[in-house]
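These are the residues of each chain, in order.
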Amino acid sequence: MKKCFLLFLCMFLGTIAFAQEPDVPGSDHTSATPIDGLLYKLNDVALTAMVANVNSWEGELKIPEQVVYEGETYTVDRIEWLAFSGCKTLTKVRIPKTVVKIKHYADWEDCQNPFVGCTGLERIEVDEGNPSFCAVDGILFSKDKTRLCCYPAGARKDYYAIPDGVTWIGGDAFAYNPYLVKVTMTNSVTRMSFGVFSNCKALRSISLSGNIGHIAASTFEKCESLHFLDIPESVRSFEESVFRWSPIKTLVIRGTFPDGFRDDTFYFMDDEVVIYVQQSEVEKLKSELAKLKSFAGIVLPLEAYHPTEIDMPGTKKCSTPSIAYDNGKLMFSCETPGAECVYEIKCSDNSSGRGDEVSLNKTYEIRVHATLDGYDDSDVAVATIGWRNGQ
């Protein structure tokens, strides 16, 4: 009894000592200090500052290279993982050259997006002298452009092609963007972290790399417009809740799974989903899905799958534009909303010469097509305008 009491007393005193332990010299303060509208964790020995969880900001933000607190100057060298999580009023951010790390409390390297859920954030900029990060078209990458860290949740494009050379897409990289309709990636991508496309409510089409071996947790969670998904043959494993609360009707899984499936991968899928897998995997998957009371879909062999237009929503084609002429002006029109007309005009008249006047008696050939992100270009419309007696 005495031994038990002594053990309990030691544990209790240890708890008190831990709760009251001051900041360890050379480490960040455990509490955040407000400076000029932002929260920072300060290191009094290294004289560095980390932008801390959880900040709010309205409008554009330029993160400073240094901050001053109680007479000491601190270099801002890190941003904590959830520093601006859910800050919907942040519209643009510039990261200075001094910030060299996005810091997760357990140094989990998958966590490289401190702007998750910032649905007003349209653009990220990075000082050109930064040795760790860069920005391309407002998107945050590692300096060597092999890791895509953050596609801003407020970026107003409906189509994005992940650049060739990117090998790793970080956790929540595209999460919460309500505008993206289609995303494509090249086979340079070999790794995707958790939640990459979660809560992308407009996303209808994703073309995955053929070199990804693993699909992480919540990758396609709450993609409310995603009805079809084709998982490449390279994928050999899934984590939990990959497709949770997404209305996928057709799921094509082309690979084989030596270690089998996890039942929790398929939590809360659409009741009407049909999953197509290799013949060798049919019974494996059915066995796992039998454990889920919530699963009401069907599993069929891959041979039974026949693609339809519904399965390929990203292959829509722009309507062919019309060409009209009135009072000296050419006018182009396309029925596809948001499409842009691209034209070329060729003239058979002489394009250069000498003299005081030029007679226009030849013809003009007009070629125009329509283009729109997420759509194939339209067919080319062609028209010819002829001049008669200079009229």
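Here, the structure is the one placed above.
Sequence positions are assigned chain by chain, starting from 1 and proceeding in written order. At least 70 in pLDDT is required for a residue's local features to be given in this predicted model, at least 80 for side-chain atom pairs to be given and counted, and no such filter applies to totals for whole chains, interfaces and linings, which use all residues. No hydrogens and no water enter the side-chain calculation; it runs on all heavy atoms of the structure.

The next thing to look at is the nonpolar core. The term nonpolar core refers to a set of buried residues drawn from Ala, Val, Leu, Ile, Met, Phe, Trp, Tyr and Cys, joined through side-chain atoms within 4.5 Å. In this scheme, a residue with accessible area under 20% of its type's maximum is buried, one over 50% is exposed, and one in between is partly exposed, where area comes from a 1.4 Å probe on protein chains only. Among the nonpolar cores identified, the biggest contains 50 residues, and Phe174, Phe197, Phe220, Leu251 and Phe266 are the most heavily contacted of them. Listed by contribution, the elements that provide at least two residues to this core are β11 (139-142), β13 (159-162), β15 (182-185), β19 (228-231), β21 (250-253), β22 (274-277) and α2 (282-289). Looking at this core, the element that brings in the most residues is α2, giving three residues. Setting aside its immediate chain neighbours within four residues, Phe266 contacts Phe243, Leu251, Ile253, Phe261, Ile275, Leu285, Leu289, Leu292 and Phe295. If you look at the next biggest cluster of nonpolar residues, it comprises 29 residues, including Tyr40, Leu42, Ile124 and Val126. The numbering of helices and of strands both runs from the N terminus, where a helix is a DSSP run of H or I of at least 4 residues and a strand a run of E of at least 2. The contact criterion used throughout is that any non-hydrogen atoms of two residues lie within 4.5 Å.

Before going further, it helps to spend a moment on the sheet that holds strand β7 (residues 90-95). Strand order in the open sheet made by the three strands is β4-β7-β9, with parallel pairing throughout. Two strands in the sheet have a free side with no partner beyond their single neighbour: β4 (59-62) and β9 (123-126). Ignoring strand direction, the axes of neighbouring strands in this sheet form an average angle of 15°. Taken together, the four bridges between β4 and β7 define a ladder with parallel strand orientation. Paired with Lys62 across the strands is Arg94, a residue of β7. By definition, two strands form a pair when at least two bridges between them are found by DSSP. Think of each axis as a best-fit line through the C-alpha atoms, taken over the contacting stretch in the case of a helix, with angles from 0 to 180 degrees between the N-to-C directions.

Right, let's talk about the environment of Leu226 for a bit. By secondary structure assignment, the location of Leu226 is in the loop between β18 (214-215) and β19. As a C-alpha pair, Leu226 and Cys200 span 26 residues in sequence and 9.1 Å in three-dimensional space. The contact partners of Leu226, leaving out residues within four places of it in the chain, are Leu203, Arg204, Ser205, Ile206, Phe220, Pro247 and Ile248.

It is worth spelling out the pairing of strand β25 (residues 329-333) at this point. With five bridges connecting them, strand β24 (residues 322-326) and β25 associate as antiparallel partners. Counterpart to Ala324 in the pairing with β25 is Met331. Taken together, β24 and the strand that follows it, β25, pair antiparallel across an intervening segment of two residues, in which Asn327 is found at a positive phi of about 50°.

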